[in-house]
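Descriptive structure summary
In case you want the letters, here they are:
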Amino acid sequence: MSVMPGKASGMFNLEYPQSVVVVDDYETAQKIVDGLSDKEFPVENLCIVGTDLKTMERVTGRRTWGSVLGQGAVSGLGMGLLVGLMMMFFTTGEAIVAVLLTGLLVGVIIGMITAAITYAMSGGERDFNSVQQVVATHYEVLAEHKVAAKAREMVADMPFMRSKAFQG
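Note that this is a predicted model, so its numbers are computed, not measured.

Analysis parameters
- Residues numbered from 1 in each chain as written.
- Predicted model: local features only at pLDDT ≥ 70, side-chain atom pairs only at ≥ 80, totals over all residues.
- Heavy atoms only, no water.
- Helix = DSSP H or I, 4+ residues; strand = E, 2+ residues; numbered from the N terminus.
- Buried < 20%, exposed > 50% of the residue type's maximum accessible area, 1.4 Å probe, protein only.
- Contact = heavy atoms within 4.5 Å.
- Areas by Shrake-Rupley, 256 points an atom, 1.4 Å probe, with all protein chains shown as cover.
- UniProt positions renumbered as here; feature names shortened; annotations may be inferred.
- Salt bridge = Lys/Arg side-chain N within 4 Å of Asp/Glu carboxyl O.

Counting secondary structure elements, the protein chain contains five helices and three strands. Tracing the protein chain from N to C terminus, the helices and strands come up as β-α-β-α-α-β-α-α. Per-residue burial for the protein chain yields a buried fraction of 30% across its 168 residues. In the protein chain, of all internal contacts separated by at least 6 residues, the share reaching a separation of at least 24 is 84%. A total of about 11,300 Å² of accessible surface is found on the protein chain, and carbon and sulfur atoms cover 62% of it.

Rendered as structure tokens:
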């Protein structure tokens, strides 16, 4: 696997990368690279790549009018704080606190209205809150072609990798 030029930093590009080993978890890939480093292998010629990506979504709760309005109020706080701070630059004296509080209140109200409109327009679809994460199901250790064979040989000699070969 090589990265397209201009798509990522040059530090992620290997010269003619070759697979050393594919493992099921990142900790094992890290352990392999650490083991190679301990044996003074030139680890700057390696790269760990997450492959077979999948999206995981964890449902955190139901969406209700209360939760929607609460989330709208919280998101509006940031906007209201920004507006209040901007308005403070044009205000002097004791009115500064009132202007900041007004900005916060307006932000909360606008956030709640925006969230309510969006929720009402959804028509009852997706009535739950969730968080999503993209995770790799496998991790491949790649090496530059000039050191790949040596890396494969050294990985095969690692005790924890030899024991994995005998596990089902």
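Note on placement: A151 falls in helix α4 (residues 148-156). Classification of A151 by relative accessible area gives buried; the value is 0%. Residues A151 and I32, spaced 119 residues apart in sequence, show a C-alpha to C-alpha distance of 9.7 Å. Contacts of A151, omitting those with residues within four sequence positions, involve V20, L36 and F41.

Okay, the UniProt feature "transmembrane region" (unreviewed entry) in the protein chain next. Under the UniProt annotation, "transmembrane region" (unreviewed entry) lies at residues 68-90 and 96-120. Each end of residues 68-90 is marked by a C-alpha atom, and these two atoms are 34 Å apart; helix forms 91% of the span and strand 0%. Secondary structure across residues 96-120 comprises 100% helix and 0% strand; the distance between its end C-alpha atoms is 36 Å.

Using the criterion set out here, one finds three salt bridges in the structure. The residue R126 makes a salt bridge to E57 at a minimum N-O spacing of 2.7 Å. With R126 in the loop between α3 (95-121) and β3 (128-144) and E57 in strand β2 (residues 46-62), this residue pair connects regions lying 69 residues apart in the sequence. The residue K150 makes a salt bridge to E153 at a minimum N-O spacing of 3.7 Å. In this pair, K150 and E153 both sit in helix α4, three residues apart, roughly one turn of the helix. The exposure class of K150 is partly exposed, given its relative accessible area of 44%. The class of E153 is partly exposed, set by a relative accessible area of 46%.

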